[in-house]
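# Report on the structure
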Amino acid sequence: MSAIPLLTAVMEEKMNRIAEVLLGSVTPFQFMMGKLLGSIAVSLTAASVYVVGGIITASQLGVGDMIPYDIVPWFFVFLILDIVMVGSGMAALGSACNDNKDAQSLQFPAMLPVILPLFVMMPVIQEPLSSFSTVLSLFPPFTPLLMLLRMATPVSIPVWQPLVGLIGVVLLTVFSVWAGGRIFRTCILMQGQKPKMGNLIKYIIRG
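Right, let's walk through the structure included here. (Residues numbered from 1 in each chain as written. Predicted model: local features only at pLDDT ≥ 70, side-chain atom pairs only at ≥ 80, totals over all residues. Heavy atoms only, no water.)

The next subject is the pattern of salt bridges. Counted by the stated rule, this structure contains one salt bridge. Between Glu13 and Lys35 there is a salt bridge; the shortest N-O distance is 2.6 Å. Of this pair, Glu13 sits in helix α1 (residues 6-15) while Lys35 sits in helix α3 (residues 28-60), placing them 22 residues apart in sequence. In terms of burial, Glu13 and Lys35 fall into one category: buried. (Salt bridge = Lys/Arg side-chain N within 4 Å of Asp/Glu carboxyl O. Helix = DSSP H or I, 4+ residues; strand = E, 2+ residues; numbered from the N terminus. Buried < 20%, exposed > 50% of the residue type's maximum accessible area, 1.4 Å probe, protein only.)

Attention now moves to the side chain of Asn98. On the secondary structure map, Asn98 appears in the loop between α4 (72-96) and α5 (100-119). Setting aside its immediate chain neighbours within four residues, Asn98 contacts Lys14, Met15, Met190, Gln191, Gly192, Gln193 and Lys194. (Contact = heavy atoms within 4.5 Å.)

Considering all chains together, one arrives at five aromatic pairs under this definition. Taking the centre distance of 5.9 Å and the plane angle of 40 degrees together, the rings of Phe175 and Trp178 count as tilted. Of the two residues, Phe175 and Trp178 both sit in helix α9 (residues 160-187), three residues apart, roughly one turn of that helix. Relative accessible area serves as the criterion here: at 46%, Phe175 is assigned to the partly exposed category. Under the relative-accessibility criterion, Trp178 is labelled partly exposed at 43%. (Phe/Tyr/Trp six-rings, centres within 6.5 Å; stacked < 30°, edge-to-face > 60°.)

In this section: a nonpolar patch on the surface. Together, Ile18, Leu22 and Val26 give the surface a local cluster of nonpolar side chains, amounting to about 200 Å² of exposed area. In this structure, Val26 sits in the loop between α2 (18-22) and α3. Assessed through its relative accessible area of 31%, Val26 is described here as partly exposed. (Patch = residues over 30% accessible without salt bridge, like charges linked within 9 Å, V, L, I, M, F, W, Y side chains within 5 Å. Areas by Shrake-Rupley, 256 points an atom, 1.4 Å probe, with all protein chains shown as cover.)

Met90, Ile183, Phe184 and Ile188 are the most contacted members of the largest nonpolar core, which totals 36 residues. Listing elements by their share of this core, those giving two or more residues are α1, α3, α4, α5, α9 and α10 (197-206). At nine residues, the largest contribution of residues to this core is made by α4. For Ile183, the residues in contact, after removing those within four places along its chain, are Ala92, Ser95, Leu200, Tyr203 and Ile204. Listed in part, the seven residues of the second largest apolar core include Ile71, Phe78, Leu148 and Val169. (Core = buried A, V, L, I, M, F, W, Y, C linked by side-chain atoms within 4.5 Å.)

Direction vectors running N to C along α1 and α4 enclose 30 degrees, while the axes themselves pass 7 Å from each other. As summarised for this structure, α1 and α4 are arranged roughly parallel, according to the angle between their axes. In this structure, α1 meets α4 at a crossing whose hand is right-handed. Where α1 abuts α4, its residues Leu6, Leu7, Val10, Met11 and Lys14 lie against Gly87, Met90, Ala91, Leu93, Gly94, Ser95 and Ala96. (Axes fitted to C-alpha atoms, helices over the stretch in contact; angles between N-to-C directions. Parallel < 35°, antiparallel > 145°, perpendicular 65-115°, else oblique. Left-handed = near helix turned anticlockwise from the far one by under 90°.)

Encoded structure:
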C-alpha cells in the first residue's frame, strides 16, 4: 500500500514545478527510482516492526511454534518486488497526470491488481491446492499475496510453484520498471496532455 501514494505524490510535484527543479540535478529514471527506494524503505521498516513484534508476541504467548518461519524470507522478497512493480506503474501514471481530476480517474484502475487478490483470499486459504488457487497464485500481479497465503497454510505447496511464481514476478517487475521509466521520462515535464491509455502505450513503445 505504500506504493499507491506515489501516483499523487509525483503528480503534485509535477503540478508545483518541483520536478523541474529536481530534474536539473538527476535524470528522470533516477528521480523515479528514488521514489521507489523511499517506498521500499518505508515498507521494510513497517513490515519489520510487525514481523518482529508478531514473533515476540507469539513466543511470549507460547504459540511461537505456529509461526511459519520458513516463509519469512519469501515475504520480504515478494514485498520488495511488489513495491517496485506497483510503484513504478504508479509513479509513471502520476507523471502523466496534470491535476487531481486526472489522478482520481487513474487511481482506481491502477489499484485493481492490488485490490482484487483481497477478494479471493478466503477461497485460497480454504483450498490452497485447488486449481483456482494455484492458477491465481501464479498470475504475477497476484503472486506476492496469494502465494504467501498458500505457503502459510498447513498443507505442503509443491516446491516448483513458489519458484515459478517468483520468476513471473521478477519478469513483470523488470517490465514494469522499463515501461514505467519510458512513460515517466516522456511525461514528467509534459503539460496539458491527457493521460489516455493510447498515449501511454505510445510512450512505452516510442520512449
